[in-house]
Amino acid sequence: MRLRNKPWAQDKLNEYPQYVPAEPTEYKGKWQSRFEKEQPIHIEVGSGKGQFIINMAKAHPEINYIAVEIQTSVIVSILEKQIEEALPNVQILHGDGSDLSEYFAPAEISLLYLNFSDPWPKTRHAKRRLTSPIFLKQYETILPENGEVHFKTDNQGLFEHSLESMSEYGMYFKQVWLDLHKSDFEGNVMTEYEEKFSSRGNRIYRLEAVFPSK
Ligand code: SAH
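Since we're looking at a predicted model, the values are computed, not measured. Counting from 1, residues in each chain are numbered in the order their sequence is written. Given that the model is predicted, a residue must reach a pLDDT of at least 70 before its local features are reported, and side-chain atom pairs must reach 80 or more before they are shown or counted; all residues, however, enter totals for whole chains, interfaces and linings. No hydrogens and no water enter the side-chain calculation; it runs on all heavy atoms of the structure.

A. Fine view of the pattern of salt bridges. Salt bridges are defined by distance alone: a side-chain nitrogen of Lys or Arg within 4 Å of a carboxyl oxygen of Asp or Glu. Here the structure, examined in full by the defined rule, presents seven salt bridges. Ionic pairing is found between Lys58 and Glu85, a salt bridge with its closest N-O pair at 3.0 Å. Taken together, the residues span a long stretch of sequence, with Lys58 in helix H2 (residues 51–59) and Glu85 in helix H3 (residues 72–85) at a distance of 27 residues. Judged by relative accessible area, Lys58 falls into the partly exposed class, the value being 42%. When the shortest N-O distance is used, the salt bridge between Lys81 and Glu192 registers 3.6 Å. Here Lys81 is found in helix H3, whereas its partner Glu192 is found in helix H7 (residues 192–199), with 111 residues between them in sequence. A helix here means a DSSP run of H or I that spans at least four residues, while a strand means a run of E at least two residues long, and both kinds are numbered starting from the N terminus. For every residue, the accessible area (1.4 Å probe, protein chains only) is compared with the maximum for its type, and the residue is labelled buried under 20%, exposed over 50%, or partly exposed between those bounds.

Below is the structure:
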């Protein structure tokens, strides 16, 4: 996701430490303390402008959500939504998905979402895909035994690479959707990219993958 450079973005994040902690590593093992209620925490890695996390949080007040996003200029859009909504079950983590074990203690996170992750189609960039083994290792560490990753994309290549990478890692698939919007899946919450790409006629793939027992 590319946006105009917003030099004021970091200042804006600094103004709302109640939503975006300045030093997220300080909360490793203590994320529950940042929410009104102690309840399972689900995260989305690469939240973009935050439509998914905000709408999921509204639909599921019984879950705490953390949006993990690397780009300051994009994070600010999630923050603006949260300023308006002031949801007690949303936190924003400005950080890199490859460092998740620095932000979260083992099994601190109950479920991890990836939505429309950057495809990185070239083989030499395979390590940058959010479903490459480097990232999967991070996810496995912060999830409980048999933790799950739920992933959506319109990119067939990335979907195929991800099936391969997850399967090689030893994960198994609970369910795979080859055309989510034409399926009977209930309660789908659309992301910004999902709206954009499906309106162009692209089909949406989805999978639920489970880590092997330790
Ligand atoms: N999930 C949103 C945005 C998808 S674009 C949607 O579906 O609409 C992918 C997002 O992932 C971008 O905002 C990008 O900045 C973010 N991203 C890419 N690599 C990341 C990483 N290593 N850690 C955290 N976020 C990352």
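The discussion continues.
B. Examining the environment of Glu148 more closely. Mapped onto the secondary structure, Glu148 falls in strand S5 (residues 148–153). With a relative accessible area of 17%, Glu148 lands in the buried category. Sequence spacing of Glu148 and Glu208 is 60 residues, and the spatial spacing of their C-alpha atoms is 6.7 Å. Among the polar contacts listed, one links the side chain of Glu148 to the side chain of Lys174, at a separation of 2.9 Å. We call two N or O atoms a polar contact when they sit within 3.5 Å, provided that within protein one can donate a hydrogen and the other can accept it, with sequence-adjacent residues counted only if both atoms are side-chain atoms.

C. Representation of the sheet that holds strand S7 (residues 205–210). Paired strands, in this sense, are two strands between which DSSP finds at least two bridges. Here we have seven strands laid out as an open sheet, ordered S3-S2-S1-S4-S5-S7-S6, and mixed in their pairing. Of all the strands in the sheet, the pair left with one neighbour each is strand S3 (90–94) and strand S6 (172–177). Across the sheet, the axes of successive neighbouring strands diverge by a mean angle of 20°, strand direction being ignored. Note: S5 against S7, six bridges, orientation antiparallel. Among the inter-strand pairings, Val149 is bridged to a residue of S7, identified as Ala209. The sheet contacts of H2 involve strand S1 (41–45), strand S2 (64–69), S3, strand S4 (111–115) and S5, and relative to S2 the element is tilted by about 175°. Contacts: residue pairs with any heavy atoms within 4.5 Å of one another. Between the N-to-C directions of two axes lies an angle of 0 to 180 degrees, each axis being a line fitted to C-alpha atoms and, for a helix, fitted only over the stretch in contact. Lying on the sheet, helix H6 (residues 156–169) is in contact with S5, S6 and S7; it crosses S7 at an angle near 10°.

D. Local environment of the packing of H2 against H3. The contact between H2 and H3 brings their axes to 9 Å, and the two run at 25°. In terms of axis orientation, H2 runs roughly parallel to H3. Facing Gln51, Ile53, Ile54 and Lys58 of H2, the residues of H3 in contact are Ile78, Lys81, Gln82 and Glu85. Residue type decides the class: Asp, Glu, Lys and Arg count as charged, Ala, Val, Leu, Ile, Met, Phe, Trp, Tyr, Cys and Pro as nonpolar, and the leftover types, Gly among them, as polar. Tallied by class, residues from the contact of H2 with H3 come to three nonpolar, two polar and three charged. Geometric relationships in this document are graded by angle, where less than 35 degrees denotes roughly parallel, more than 145 denotes roughly antiparallel, 65 to 115 denotes roughly perpendicular, and other angles denote oblique.

E. The nonpolar core, seen in detail. Note on terminology: a nonpolar core comprises buried Ala, Val, Leu, Ile, Met, Phe, Trp, Tyr and Cys residues joined through side-chain atoms within 4.5 Å. Ranked by size, the top nonpolar core spans 30 residues in total, and within it Ile43, Ile66, Leu100, Phe104, Leu112, Tyr139 and Val149 carry the most contacts. Elements that contribute at least two residues to this core include exactly S1, S2, helix H4 (100–103), S4, helix H5 (133–142), S5, H6 and S7. Tallying contributions element by element places H5 first for this core, with four residues. Sequence-distant contacts of Leu100, defined by excluding residues within four places in its chain, comprise Ile43, Val45, Val68, Leu112, Gln138, Tyr139 and Ile142.

F. Expanded view of the pairing of S7. Among the six residues of S7, six are classified as buried, and the element is accordingly described as predominantly covered. Here S7 shows no split at all, with Tyr205, Leu207 and Ala209 on one side and Arg206, Glu208 and Val210 on the other all buried. Pairing between S6 and S7: five bridges, direction antiparallel. In the strand pairing of S7, Trp177 is matched with Arg206.

G. Structural view of the UniProt feature "binding site: substrate" (unreviewed entry) in the chain. UniProt positions are given in the numbering used here, feature names are shortened, and annotations may be inferred rather than shown by experiment. On the UniProt side, "binding site: substrate" (unreviewed entry) is annotated at positions that read Lys122, Asp154, Thr191, Glu192, Tyr193 and Glu194 here. Across 73 residues in sequence, these annotated residues place their C-alpha atoms as far as 24.8 Å from one another, rather than forming a single compact spot. Within the secondary structure, Thr191 sits in the loop between S6 and H7. Overall, Thr191 belongs to the buried group, its relative accessible area being 5%. Residue contacts for Thr191: discarding those within four places in its chain leaves Gln51, Phe52, Asn115, Phe116 and Lys152. One polar contact links the side chain of Thr191 to the main-chain amide nitrogen of Tyr193, over a distance of 3.3 Å. In this fold, Tyr193 is placed in helix H7. With a relative accessible area of 19%, Tyr193 lands in the buried category.

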